[in-house]
Amino acid sequence: MAPRDHDHEDLTLPDLIEGPTRDLTSARAAALARAGDHEVDGTSGDPRGGEGPGGRRQEVLGRLPAAGGLYRRALLGAVPGLGGRRGRELPAVELTVAGVPVDPAHLAAYDRVCGFRLADRLPATYLHVLGFPLSLRLMTAADFPIPLTGVVHVANRITVHRPVRVGETVDFHTYAENLRPHERGRQLDVVLVGSIDGTEVWRGVSTYLGKERAAGGGPRRDRGDRPTPPATTAQWRVTPRVGTDYARVSGDHNPIHTSKLGARLFGFPRPIAHGMWSKARCLAALEARLPDAYTVDVAFKLPVPLPSTVAFRAAADDAGWDFGLHGARDGRPHLVGTVR
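So, here is what we can say about the structure in this document. (Residues numbered from 1 in each chain as written. Predicted model: local features only at pLDDT ≥ 70, side-chain atom pairs only at ≥ 80, totals over all residues. Heavy atoms only, no water.)

1. Observations concerning the overall build of the protein chain
Here's step 1: The helix and strand tally for the protein chain stands at 8 helices and 11 strands.
Here's step 2: In the protein chain, 72% of the contacts between residues at least 6 apart in sequence involve partners at least 24 apart.
Here's step 3: As displayed, the protein chain offers around 16000 Å² of accessible surface, 51% of which is attributable to carbon and sulfur atoms. (Helix = DSSP H or I, 4+ residues; strand = E, 2+ residues; numbered from the N terminus. Contact = heavy atoms within 4.5 Å. Areas by Shrake-Rupley, 256 points an atom, 1.4 Å probe, with all protein chains shown as cover.)

2. Here's the deal with the packing of helix 4 (residues 104-114) against helix 6 (residues 241-250)
Here's step 1: At a minimum axis separation of 10 Å, helix 4 and helix 6 run at an interaxial angle of 155 degrees. As far as their axial angle goes, helix 6 and helix 4 are roughly antiparallel. Here helix 4 runs over helix 6; the crossing is left-handed. For the pair helix 4 and helix 6, contact is made by His106, Ala109, Tyr110, Val113 and Cys114 and by Asp245, Tyr246 and Val249, respectively. (Axes fitted to C-alpha atoms, helices over the stretch in contact; angles between N-to-C directions. Parallel < 35°, antiparallel > 145°, perpendicular 65-115°, else oblique. Left-handed = near helix turned anticlockwise from the far one by under 90°.)

3. A few points about the side chain of Glu94
Here's step 1: With respect to the helices and strands, the residue Glu94 is situated in strand 2 (residues 93-100).
Here's step 2: Residue classification places Glu94 among the buried positions, given a relative accessible area of 4%.
Here's step 3: A polar contact is formed between the side chain of Glu94 and the side chain of Gln58, at a distance of 3.1 Å. (Buried < 20%, exposed > 50% of the residue type's maximum accessible area, 1.4 Å probe, protein only. Polar contact = N/O pair within 3.5 Å; in protein donor to acceptor, adjacent residues only side chain to side chain.)

4. Some words on the nonpolar core
Here's step 1: One finds Tyr110, Phe172, Tyr246, Phe323 and Val339 to be the most contacted residues of the largest nonpolar core, which totals 70 residues.
Here's step 2: In terms of residue count, helix 5 (residues 126-139) provides more of this core than any other element does, 9 residues in total.
Here's step 3: Those residues in contact with Val339 that lie beyond four places of it in its chain are Leu283, Leu286, Leu290, Tyr294, Thr295, Val296, Ala319, Gly320, Trp321 and Phe323. (Core = buried A, V, L, I, M, F, W, Y, C linked by side-chain atoms within 4.5 Å.)

5. Points about the pattern of salt bridges
Here's step 1: Summed over all chains, the structure comprises 12 salt bridges.
Here's step 2: In this structure, the salt-bridge partner of Arg162 is Glu168, at a minimum N-O distance of 3.0 Å.
Here's step 3: You can call Glu168 partly exposed: its relative accessible area is 21%.
Here's step 4: Between Glu200 and Arg203 there is a salt bridge whose closest N-O contact spans 2.9 Å.
Here's step 5: On the basis of relative accessibility, which here comes to 27%, the residue Glu200 falls in the partly exposed class. (Salt bridge = Lys/Arg side-chain N within 4 Å of Asp/Glu carboxyl O.)

6. Structural notes on helix 4
Along an α-helix, a turn takes 3.6 residues, which lines up residues three or four apart on a common side.
Here's step 1: The buried fraction of helix 4 is high, at 8 of 11 residues.
Here's step 2: Here helix 4 has its buried residues at His106, Leu107, Ala108, Ala109, Tyr110, Asp111, Val113 and Cys114.
Here's step 3: Remark: Gly115 follows helix 4 within two positions and exhibits a positive phi of approximately 95 degrees.

7. Comments concerning the packing of aromatic side chains
Here's step 1: Tallied over the full model, the rule gives 4 aromatic pairs.
Here's step 2: Ring geometry for Tyr110 against Tyr126: centres 5.2 Å apart, planes inclined by 65 degrees, an arrangement best described as edge-to-face. In this pair, Tyr110 is assigned in helix 4 and Tyr126 in helix 5, connecting sequence segments 16 residues apart. The same class applies to Tyr110 as to Tyr126, namely buried.
Here's step 3: With a centroid separation of 6.4 Å and 50 degrees between ring planes, the pair formed by Tyr110 and Tyr246 is classed as tilted. (Phe/Tyr/Trp six-rings, centres within 6.5 Å; stacked < 30°, edge-to-face > 60°.)

8. Here's the deal with the sheet that holds strand 4 (residues 170-182)
Here's step 1: Read across the open sheet, the 11 strands follow the order 1-2-4-5-6-3-8-11-10-9-7; overall the sheet is mixed. Among the strands making up the open sheet, the edge pair consists of strand 1 (57-61) and strand 7 (234-238). With direction set aside, neighbouring strand axes in the sheet form an average angle of 20 degrees.
Here's step 2: By the bridge criterion, 12 bridges tie strand 5 (residues 185-196) to strand 6 (residues 199-211) in an arrangement that is antiparallel. Each residue of the ladder has a partner; that of Gly194, found in strand 6, is Trp202.
Here's step 3: Running at roughly 55 degrees to strand 4, helix 5 makes contact with strand 1, strand 2, strand 3 (152-160), strand 4, strand 5 and strand 6 of the sheet. (Pairing = 2+ DSSP bridges.)

Below, the structure written as structure tokens:
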């Protein structure tokens, strides 16, 4: 039976808590299993490592945690009476995991979902996906100041120091920094660093907004008139399957992307595309023009509703590329970015 574009409408609240989506490939799960025993839900830690840079306590994990259990913890913590009190400060901890392999079958599945060519050279956004469970473990800790449920991913900056290829294993470490006020709540940055043989090869910085009722302070958004959308380079039809397929390859099972019910629970009339899918899809369009080392910086504006048609534009200058994504019909901005 052919898959339907509206599978997300069939999910129930228990489905959301249990996390119905799975990896597209069993090979990746097998590769992780071969890495050694570790916690199923990412709730236990290894105190090895001592104190790291910035006075943060280092916790070394035996392998990447499983994202499904972490999402279940976050969703159950949002149920009234079950969630605990959040911390007011950033946790002084840095999580580390070594020797994470790249599964070629999983990479190929990711490439297909995001529009990259099938190659042994990893897209810049793939290492965000590979190390995401480690950052997710950090963000679902009881003392993390912003709850994962309802958090808004507002920006992402990735620096590629040199290409990473299939066959290399990556060491990751992650920590949070720069907790600051915002007119709608508080923002912070989650840093994820990938190293090979002791040398940093990749760095990602994701900025998240936690909305709060008693917000105040911080920078205000530009209230000026919406600029005229730039000339369109290409148009893409974004179907509901983008939400579920990207969830399977990324491990990001946030129900606002995969379920109409889940989206409504968090204030969206219908599911929205993952921001990192949007970034990856834009980079895929520029893939043949990217250098070996660069920084790609994006700001996520308005969500991409599923389904919808989006317009991509890109312009080159001496410094690099400027690009963006906006609604094909109404010109509403979804993403703006640069490659430098």
